[in-house]
Amino acid sequence: MIEVRGVNKYFGDHHVLRDIDLDVAAGEVVVIVGPSGSGKSTLCRCLNRLETVSSGEIRIDGRTLPGEGRELARLRAEVGMVFQSFNLFGHRTILDNVALGPIHVGKKDRKQARADALELLERVGIAEQAGKYPAQLSGGQQQRAAIARSLAMRPTVMLFDEPTSALDPEMVSEVLDVMVGLAAEGMTMVVVTHEMGFARRAADRVVFMDEGQIVESDHPDTFFTGARSERARSFLSKVLSH
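Everything numeric in this text was worked out from a predicted model, so none of it was measured. (Residues numbered from 1 in each chain as written. Predicted model: local features only at pLDDT ≥ 70, side-chain atom pairs only at ≥ 80, totals over all residues. Heavy atoms only, no water.)

**Quick notes on the UniProt feature "domain: ABC transporter" (unreviewed entry) in the chain**
Line of reasoning, step 1. Sites flagged by UniProt as "domain: ABC transporter" (unreviewed entry) map to residues 2-236.
Line of reasoning, step 2. In residues 2-236, the share of helix is 39% and the share of strand is 26%. The end C-alpha atoms are 27 Å apart. (UniProt positions renumbered as here; feature names shortened; annotations may be inferred. Helix = DSSP H or I, 4+ residues; strand = E, 2+ residues; numbered from the N terminus.)

As structure tokens, this is what we get:
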């Protein structure tokens, strides 16, 4: 579903991604972990061309990422993305936030789009909040609304860039539960996160990055109990001791 070949990314003189090769199969859940500044979020943003690569190639479902225009808009409909910040429209209700994409981008009938949006809000557990505005919801509820909004475009791939890092601790689990449910349903997912419990619970594979490189890629059981590199072992000793 996702093929990354020889990808490099520079910000000025700073070499952020170094010769990245990565494959993600349809229905696979890949969790990317690593220290801050290792390139995780940049890689995630390159996958739907929020960042352009300096060299190399990314293919989604067999097609090279388009440069711009309608093809790029179509790609972004197929590749949903959930960010640290919820990016909801504050002046629109939660239901409107979820229905907007299908109406304006997908040209779906307004009544059908709103019915589908309500179903998605039910799926993420906040249907009763449909008529409220984002500021009236908790952070966890807003992030679940953001997930529903991405799902409304019926994506084939979902990207999550540290979706729980802006949440209070008690709200983290309600968002991770939704993500675990998506994984169980067979959604292809790439998740950048510091939540090691989620990686253990839902990932098919854990990718460890450091200094812009993929250092290890393994099944969660193998990674967490027998990481091969000293860099990964050092990282795990710090994050698992808290």
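**A short note on the pairing of strand β10 (residues 213-218)**
Line of reasoning, step 1. Where strand β9 (residues 205-210) meets β10, 5 bridges bridge the pair, whose relative direction is antiparallel. Residue pairing for β10: F208 is matched across the bridge by E216.
Line of reasoning, step 2. The hairpin turn running from β9 into β10, its antiparallel successor, is 2 residues long, and E211 in that turn takes a positive phi close to 50°. (Pairing = 2+ DSSP bridges.)

**So, the sheet that holds strand β8 (residues 188-192)**
Within a sheet, adjacent strands bond to each other through the backbone by hydrogen bonds, running parallel or antiparallel.
Line of reasoning, step 1. A sheet is described by the order of its strands in space; here 6 strands give the open sequence β6-β7-β8-β3-β9-β10, paired in mixed fashion. With partners counted over all chains shown, the strands left at the sheet margins are β6 (79-82) and β10, one partner each. Adjacent strand axes in the sheet meet at a mean angle of 20°, parallel and antiparallel pairs treated alike.
Line of reasoning, step 2. The strands touched by helix α5 (residues 139-151) are β6 and β7 (157-161); relative to β6, the strand with the most contacts, the crossing angle is about 170°.
Line of reasoning, step 3. In the packing of helix α9 (residues 230-239) onto the sheet, the strands contacted are β3 (29-33), β9 and β10, and the crossing angle to β9 comes to about 100°. (Axes fitted to C-alpha atoms, helices over the stretch in contact; angles between N-to-C directions. Contact = heavy atoms within 4.5 Å.)

**Points about the pairing of strand β4 (residues 55-60)**
Line of reasoning, step 1. Bridge analysis of strand β1 (residues 2-11) against β4 gives 5 bridges, and the strand direction is antiparallel. Across the sheet, E3 pairs through a bridge with R59, a residue of β4.
Line of reasoning, step 2. Relative to strand β5 (residues 63-64), β4 runs antiparallel, the two being bridged by 2 bridges. Looking at the pairing, I60 lines up with R63 of β5.

**Focus: the nonpolar core**
Line of reasoning, step 1. Among the nonpolar cores identified, the biggest contains 54 residues, and L121, I147, F160, M179, M189, F198 and F223 are the most heavily contacted of them.
Line of reasoning, step 2. With 9 residues, the single largest contributor to this core is helix α6 (residues 169-184).
Line of reasoning, step 3. In this view, F223 contacts V33, V206, F208, E216, D218, A232 and L236; residues no more than four positions away in its chain are not counted.
Line of reasoning, step 4. One finds I20, M81, F83 and L159 within the second-largest nonpolar core, a separate group that totals 27 residues. (Core = buried A, V, L, I, M, F, W, Y, C linked by side-chain atoms within 4.5 Å. Buried < 20%, exposed > 50% of the residue type's maximum accessible area, 1.4 Å probe, protein only.)

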